Amino acid sequence: MPPVAETRAMLAGMNAVRMPGRWRFSTLAAPDPALRAAAIGSFQEAEGETLILPHDIAVAHGLPDGPVMAYITLTVHSALDGVGLTAAVAQALAAAHIPCNMVAAFHHDHIFVPVTQAETALAILHRLQSTHQG
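Residues numbered from 1 in each chain as written. Predicted model: local features only at pLDDT ≥ 70, side-chain atom pairs only at ≥ 80, totals over all residues. Heavy atoms only, no water.

Engineer: Mind showing me how you'd approach the packing of aromatic side chains here?
Structural biologist: When we look at a pair of aromatic rings, we describe it by the centre distance and by the angle of the planes. Enumeration over the complete set of coordinates arrives at three aromatic pairs. Ring centres of Phe-25 and Phe-112 lie 5.4 Å apart, and the angle between their planes is 90°; on these two criteria the pair is classed as edge-to-face. Placement of the pair is Phe-25 in strand β1 (residues 16–28) and Phe-112 in strand β6 (residues 109–114), with a sequence separation of 87 residues. Judged by its relative accessible area of 30%, Phe-25 falls in the partly exposed class. In this structure Phe-112 comes out as buried when scored by relative accessible area, which is 2%. Ring geometry for Tyr-71 versus Phe-112: centroids 5.0 Å apart, planes at 15°, classification stacked. Here Tyr-71 is found in strand β4 (residues 69–74), whereas its partner Phe-112 is found in strand β6, with 41 residues between them in sequence. Here the aromatic cluster, defined as three or more aromatic residues joined through ring pairs, consists of Trp-23, Phe-25, Tyr-71 and Phe-112. (Phe/Tyr/Trp six-rings, centres within 6.5 Å; stacked < 30°, edge-to-face > 60°. Helix = DSSP H or I, 4+ residues; strand = E, 2+ residues; numbered from the N terminus. Buried < 20%, exposed > 50% of the residue type's maximum accessible area, 1.4 Å probe, protein only.)

Engineer: Is there a simple way to think about the side chain of Thr-50 in this case?
Structural biologist: Tracing the sequence through the fold places Thr-50 in strand β3 (residues 48–54). Within polar-contact distance, the side chain of Thr-50 engages the side chain of Thr-27 at 3.0 Å. Residues within four places of Thr-50 in sequence aside, it is in contact with Phe-25, Ser-26, Thr-27, Gly-41, Ser-42, Phe-43 and Glu-45. (Polar contact = N/O pair within 3.5 Å; in protein donor to acceptor, adjacent residues only side chain to side chain. Contact = heavy atoms within 4.5 Å.)

Engineer: What am I meant to see in the pattern of salt bridges here?
Structural biologist: Between side chains of opposite charge, a pair can form as their charged atoms come close. For the structure on display, the rule yields three salt bridges. Residue Glu-119 is joined to Arg-18 by a salt bridge in which the shortest nitrogen-to-oxygen separation is 3.1 Å. A residue pair is termed long-range when its members are at least 10 positions apart, and Glu-119 in helix α5 (residues 118–130) and Arg-18 in strand β1 qualify at 101 residues. On the basis of relative accessible area, Glu-119 is assigned to the exposed category, the value being 53%. Residue class for Arg-18 comes out partly exposed when judged on its relative accessible area of 31%. A salt bridge links Arg-22 to Asp-56; the nearest nitrogen and oxygen atoms lie 4.0 Å apart. Of the two residues, Arg-22 is situated in strand β1 and Asp-56 in helix α3 (residues 55–60); the sequence distance between them amounts to 34 residues. On the accessibility criterion, Arg-22 (41% relative accessible area) is partly exposed. (Salt bridge = Lys/Arg side-chain N within 4 Å of Asp/Glu carboxyl O.)

Here is the structure:
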């Protein structure tokens, strides 16, 4: 199935799903290969490599404390050149004072929100989706 690029179609089909686990973002100058292998995502910045790690692994390796996040995937195959999905999601969550960290991958967009606000975030995302269907 081809990727969806039209804004309304991306929002109508986004279907937010909470993934299992608790997650932390950690930045390291030179990550251990085992940590890199445990990460579900990474990004190289001037300050070091940021890894998205299972919370328990970050704690076990003594990494600096950071917010514990829930991981939500938007299951629509959103086009990399699609416009508006990230903005609409971030705006809806911001209106409810829920911080979000967006990660765009090839097939899907992923959202990391504080664990304590995950269920509220899901409800907001489902409501946003329903307003763009039909």
